[in-house]
Amino acid sequence: MDSMLHVEALEKSYADFRLNNISFDLPEGYIMGLIGPNGSGKTTTIKAILNMTERDGGKITVFGKDNIASEQEIKKDIGAVFDSSSFVDEWTMADVEKAYTLFYPAWDSEKYWSLLSRFRIGKTKKVKELSKGMQMKLMLACAFSYDARLLILDEPTSGLDPVSRDELLDILCEYIEDGRRSVLFSTHITPDLEKIADYITYIHLGQLIFTGTKEDFADSFRVVRGDRKELTPGLEARLIGLRTFPTGFEALIRKEDLAAAGRLEYVPASIDDIVVFMSRQTDRNNQEENI
Ligand SMILES: Nc1ncnc2c1ncn2[C@@H]1O[C@H](COP(=O)(O)OP(=O)(O)OP(=O)(O)O)[C@@H](O)[C@H]1O
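Bear in mind the structure is a predicted one, so any value in this text is a computation, not a measurement.

Looking now at the sheet that holds strand E13 (residues 248–254). The pairing of strands in a sheet happens through backbone hydrogen bonds and is either parallel or antiparallel. Strand order in the open sheet made by the four strands is E12-E13-E11-E14, with antiparallel pairing throughout. At either end of the open sheet lies a strand with only one pairing partner, and these are strand E12 (239–244) and strand E14 (265–268). Adjacent strand axes in the sheet meet at a mean angle of 20°, parallel and antiparallel pairs treated alike. Two strands pair when backbone bridges link them, and strand E11 (residues 221–227) and E14 are joined in this way by four bridges, in the antiparallel orientation. Residue pairing for E14: Val223 is matched across the bridge by Val267.

Right, let's talk about the packing of aromatic side chains for a bit. Enumeration according to the criterion identifies 12 aromatic pairs in this entry. Judged by centre distance (5.5 Å) and plane angle (85°), the ring pair of Tyr30 and Tyr199 falls under edge-to-face. A residue pair is termed long-range when its members are at least 10 positions apart, and Tyr30 in the loop between strand E2 (17–27) and strand E3 (31–35) and Tyr199 in strand E9 (residues 199–204) qualify at 169 residues. Judged by its relative accessible area of 30%, Tyr30 is partly exposed. Where Phe144 meets Tyr175, the ring centres are 4.7 Å apart and the plane angle is 15°; that geometry is what we call stacked. Pair noted here: Phe144 is in helix H5 (residues 132–145) and Tyr175 is in helix H6 (residues 162–175), with a separation of 31 residues, a long-range link. Classification of Phe144 by relative accessible area gives buried; the value is 8%. Within the aromatic cluster, the residues linked to one another by ring pairs are Phe87, Tyr100, Tyr104, Trp107, Tyr112, Trp113 and Tyr146.

A few words now on the environment of Asp154. Inspection of the secondary structure assignment puts Asp154 in strand E7 (residues 150–154). The exposure class of Asp154 is buried, given its relative accessible area of 7%. Each C-alpha atom, one on Asp154 and one on Ser186, is 5.0 Å from the other, the two residues being 32 residues apart in sequence. One polar contact links Asp154 to Ser186, side chain to side chain, over a distance of 2.5 Å.

This brings us to the site of the ligand. Around the ligand lies a shell formed by Tyr14, Phe17, Pro37, Asn38, Gly39, Ser40, Gly41, Lys42, Thr43, Thr44, Glu155 and His188. Residue Ser40 places a main-chain N or O atom 3.0 Å away from an oxygen atom belonging to the ligand. In the environment of the ligand, an oxygen atom lies 2.9 Å from a nitrogen or oxygen atom belonging to the backbone of Gly41. Out of a free accessible area of 640 Å², the ligand has 58% covered by protein chains.

Moving on to helix H1 (residues 42–49). Within H1, six of the eight residues are buried, leaving the element largely enclosed by the surrounding structure. All of the buried residues in H1 are Lys42, Thr44, Thr45, Ile46, Ala48 and Ile49.

Let us look at the domain arrangement of the protein. Segmenting the protein into domains produces domain 1 (3–212) and domain 2 (220–290). A straight line from the C-alpha centre of domain 1 to that of domain 2 covers 34 Å. Tallying the contact residues gives 11 residues for domain 1 and nine residues for domain 2. Roughly 800 Å² of surface becomes buried between domain 1 and domain 2 when both sides are summed, with 70% attributable to carbon and sulfur atoms. Across the domain 1-domain 2 interface, the total number found is zero salt bridges.

Here is what the cut-offs are and how they apply
- Residues numbered from 1 in each chain as written.
- Predicted model: local features only at pLDDT ≥ 70, side-chain atom pairs only at ≥ 80, totals over all residues.
- Heavy atoms only, no water.
- Pairing = 2+ DSSP bridges.
- Helix = DSSP H or I, 4+ residues; strand = E, 2+ residues; numbered from the N terminus.
- Axes fitted to C-alpha atoms, helices over the stretch in contact; angles between N-to-C directions.
- Phe/Tyr/Trp six-rings, centres within 6.5 Å; stacked < 30°, edge-to-face > 60°.
- Buried < 20%, exposed > 50% of the residue type's maximum accessible area, 1.4 Å probe, protein only.
- Polar contact = N/O pair within 3.5 Å; in protein donor to acceptor, adjacent residues only side chain to side chain.
- Near = heavy atom within 4 Å.
- Areas by Shrake-Rupley, 256 points an atom, 1.4 Å probe, with all protein chains shown as cover.
- Domains from an automatic or database assignment.
- Contact = heavy atoms within 4.5 Å.
- Buried area = accessible area lost by both parts, 1.4 Å probe.
- Salt bridge = Lys/Arg side-chain N within 4 Å of Asp/Glu carboxyl O.

In C-alpha cells:
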C-alpha cells in the first residue's frame, strides 16, 4: 500500500507548546481523521505538512516527495481547505474559476460548473453571498476540479448544520472511491469519524496518543466499571480518566492492562469515550503537577 502522506518524528515548538515526535502514515485511497482536544497541535501539524510553518525536526513526504524540497510540485496535487474561506468576498463563481486556472493547468471547467450545480451554488453568486457550508463546498469543488489527489481539511464540518455536514461527508467518501485519492481532516466531531474515517491519528497536547485504523483505535481500550472497594492501588495506576461515584467508579483502560481489572465488568469504548477519559486524565495530571 503506497503512502500518500508520511509524517515522521515531527517536532515544532512555540513558547508554550511543543509538538513532540509525531509520526503517522496515510495510505492511498483512505480517509484519516486527525483528532485531539483544543490546542493539541492539529492545525500546527497540518501547517507543517503544507509548509506554512517551519518545523523544528522530523521529516514529511507527500506522494513520496519531501514537502519542502518539492513544495511547488506537490502542491499542484493537494487541496487544502481551512475553516474559513480563502476567496475574495466580491468574487463571482467565474472569478473563482479564473483565479484557479492561473495556477492549475489541469483545471476541468466542465467539472467545476457541474459540481457547483450539484452543490446548488448559483452561477452568478458572489462569495460573500454564500453560507459557510456553501463556501466549504465551493472550496471542495475547486479541489476536485484540479483533480487534487490529497485533500487536507482543517475542521471542515465545524459550524455546519447536520444536513450540510452529512452531505459533505458523503462527498468526501465519493472523492476517495476510485482508490487513488486520500483525505486528512481534523475534527472535534466524533460522529464524523465514526462515519467516514478509516484511520485515526490522535494527538493530545502535542503528544501522539494513537495512530492506526479506526477499528484498532476502539479496540485498544475498554471502559471498566466496578465498586469502590474493588479499586485497588494496582488497578488505579492503570486506569485512565478515573471517575468515582459514592458507590462505584468507571475509567478507561488499555486492552493490554485488562488483566489488572480481574473480574470487573468492562465494555467496548467508543471514540468519544476514549477522547473524554483521556482528557480527564490530562486534567488530573495537570492538577497533581500544580499541587
Ligand atoms: N504562531 C503561533 N505562535 C505561538 N503559539 C502558537 C502558534 N500557533 C499555535 N500556537 C499554539 O500551539 C498550540 C497548538 O495549537 P493548534 O492550533 O495547532 O491546536 P489545535 O489542536 O488545532 O487546536 P483547535 O482544536 O483549538 O483548533 C496552542 O497552544 C497554540 O496556542
